[in-house]
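Notes for the structure review
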Amino acid sequence: MNYRHAFHAGNHADVLKHIVMARIIEHLKRKDKPFRVFDAHAGIGVYALDGPEAQKTGEWQGGIAKMQAAFAPEIEALLAPYRKVLADLNPDGGFMCCPGSPEVIARLLRPEDRFTLNELHPDDYALLRDRYYIDARAGITGIDATVLMKANLPPPERRGLVLIDPPYEVKNERELALDALRFGIRRFATGIFMIWYPVKGEDFAEQICAAFQNLGIPAMLKAELRVRESFTGGGLAGSGLIIVNPPWGLEAELKVIVPALATRLGIGTWGQGVVEWLTEAKA
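Residues numbered from 1 in each chain as written. Predicted model: local features only at pLDDT ≥ 70, side-chain atom pairs only at ≥ 80, totals over all residues. Heavy atoms only, no water.

1. Describing the overall build of the protein chain
Rules: Secondary structure is summarised from DSSP: a helix means a run of H or I of at least four residues, a strand means a run of E of at least two, and numbering begins at the N terminus for each. Under the scheme applied here, a residue whose accessible area is under 20% of the maximum for its type counts as buried, over 50% as exposed, and between as partly exposed, the area being computed with a 1.4 Å probe on protein chains only. We call two residues contacting when some pair of their heavy atoms lies within 4.5 Å. Two residue types count as positive, namely Lys and Arg, and two as negative, namely Asp and Glu; His and chain ends fall outside the count. Note on charges: their place is set at NZ of Lys, CZ of Arg, CG of Asp or CD of Glu.
Each helix and strand in the protein chain was counted, giving nine helices and 10 strands. For the protein chain, the spread of C-alpha atoms along the principal axes amounts to about 45 × 40 × 40 Å. Counting all 283 residues of the protein chain, 55% fall into the buried class. Within the protein chain, residue pairs in contact and separated by at least 24 positions form 77% of the contacts whose partners lie at least 6 positions apart. Seen as two clouds, the 33 positive and the 35 negative side-chain charges of the protein chain have centres 5 Å apart.

If you want it as structure tokens, here you go:
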């Protein structure tokens, strides 16, 4: 309940998460049928990078600030939806207004699609509600992520994406994330689930990937970005995404995007990007 994403908005983890989310949304939009997106840990939606929280940490300077220069054309083609969100938020240029996941969702979904934004922190929930309540496509809740799954899955559309990205600052948040996925996939077996995790300490990422792998859920794709070496007490060295039921073609896209991000966002000559299957799809 004490975590505030405003201090971390626009960092390398946000860049990875929002680009991959944008690609998944674009895949879902390829069919005419509507879909729904659930953001289980939504934050407030938009962040001012010249505000006191972002300026205190400066984390955005190692993330979104490094994204202004163009990549190669084949990479820019995949980044186009993410670039559009940034440009719409910053019409005067620059990246000082940073989207959170809710803003990426709201700006990329079609009029017929729907989204549910959930935020447990009471102050952030109030800001989230005030920004999105006028959007007829949106539902705003302030409940536990597992309760969100129980109350809303499966969605009426039977298509969609569920984002689970707790900060992992409380001891049991890994177990809560595992429970949310375990329960969510039972209720919405055909849904796409995207779980974010931090790379920190000596083996935190390895432990959490093994824990998700041990759930025995098929079709789990991992995309991990490391910007520097990880060691105990060293803070956030990277982040990863576990994507359950990824759309066809996403793996190939990420194998282009993630190594490019590692080169761009890595500190000095250090940068690693890995895309691999944790569990294979059922035959």
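Next comes the rest of the write-up.
2. A look at the side chain of D39
So the rule is basically this: By definition here, a salt bridge exists when the distance from a side-chain nitrogen of Lys or Arg to a carboxyl oxygen of Asp or Glu is within 4 Å. Nitrogen and oxygen atoms within 3.5 Å of one another constitute a polar contact, given that in protein one can donate a hydrogen and the other can accept it, and given that sequence-neighbouring residues count only through two side-chain atoms.
You can see D39 is positioned in strand β1 (residues 36–39). Buried charge without a partner: D39 forms no salt bridge, and the closest opposite charge is K17, 6.9 Å away. Polar contacts involving the side chain of D39 include one to the main-chain amide nitrogen of H41, which spans 3.4 Å.

3. Observations concerning the nonpolar core
Soluble, globular proteins show a tendency: their nonpolar side chains are buried together. Worth spelling out the cut-off: We call a set of buried Ala, Val, Leu, Ile, Met, Phe, Trp, Tyr and Cys residues a nonpolar core when their side-chain atoms join them within 4.5 Å.
Judged by nonpolar contacts, the single largest core of 90 residues is most densely connected at M67, F193 and L254. Broken down by element, this core gets its largest block of residues, 10 residues, from helix α1 (residues 12–28). Residues contacting F193, with those up to four places away along its chain left out, are L153, V162, I164, L181, G184, I185, F188, I242, I243 and V244.

4. Points about the packing of helix α7 (residues 173–187) against helix α8 (residues 204–213)
This is how it is decided: Axis definition: a line fitted to C-alpha atoms, over the contacting stretch in the case of helices. Angles run 0 to 180 degrees between N-to-C directions. When describing relative orientation, an angle under 35 degrees is termed roughly parallel and one over 145 degrees roughly antiparallel, while 65 to 115 degrees is termed roughly perpendicular and anything else oblique. Handedness of a crossing follows from how the near helix is turned relative to the far one, being left-handed for an anticlockwise turn of less than a right angle and right-handed for a clockwise one. Ten residues, namely Ala, Val, Leu, Ile, Met, Phe, Trp, Tyr, Cys and Pro, are considered nonpolar, four, namely Asp, Glu, Lys and Arg, are considered charged, and the remaining ones, Gly among them, are considered polar.
The interhelical angle for the contact between α7 and α8, taken along N-to-C directions, is 30 degrees, at an axis separation of 11 Å. When the axis of α7 is compared with that of α8, the two are roughly parallel. By crossing handedness, the relation of α7 to α8 is classed as right-handed. On α8, the residues that touch R174, A177, L178 and L181 of α7 are Q207, I208, A211 and F212. Each residue belonging to the contact of α7 with α8 can be placed in one class, and the counts come to six nonpolar, one polar and one charged.

5. As for the packing of helix α3 (residues 73–89) against helix α9 (residues 250–265)
One way to put it is that α3 packs onto α9 with a least axis distance of 10 Å and a crossing angle of 100 degrees. Classified by the interaxial angle, the pair formed by α3 and α9 is roughly perpendicular. For the pair α3 and α9, the contacting residues are I75, L78 and L79 in the first and E253, V256, I257 and A260 in the second. Taken together, the residues that form the contact of α3 with α9 break down as six nonpolar, no polar and one charged.

6. Comments concerning the pairing of strand β7 (residues 192–199)
Where we set the bar: DSSP-based pairing: two strands are paired if at least 2 bridges between them are found.
In terms of burial, β7 is a largely internal element, eight of the eight residues being buried. The alternating pattern of β7 places I192, M194, W196 and P198 on one face and F193, I195, Y197 and V199 on the opposite face, and all of these are buried. Pairing of strand β6 (residues 160–164) with β7 involves four bridges; the strand directions are parallel. Within the sheet, the bridge partner assigned to V162 lies in β7 and is F193.

7. Digging into the sheet that holds strand β9 (residues 238–244)
Read from one edge to the other, the open sheet built from eight strands follows the order β5-β4-β1-β6-β7-β9-β8-β10, with strand pairing classed as mixed. The open sheet has two edge strands, β5 (138–141) and β10 (272–279), and neither has a second partner. Direction aside, neighbouring strands of the sheet carry axes that sit 15 degrees apart on average. Where β1 meets β6, four bridges bridge the pair, whose relative direction is parallel. Paired with R36 across the bridge in β6 is G160. Across the face of the sheet, α8 comes into contact with β7, β8 (220–226), β9 and β10 while running at roughly 155 degrees to β7.

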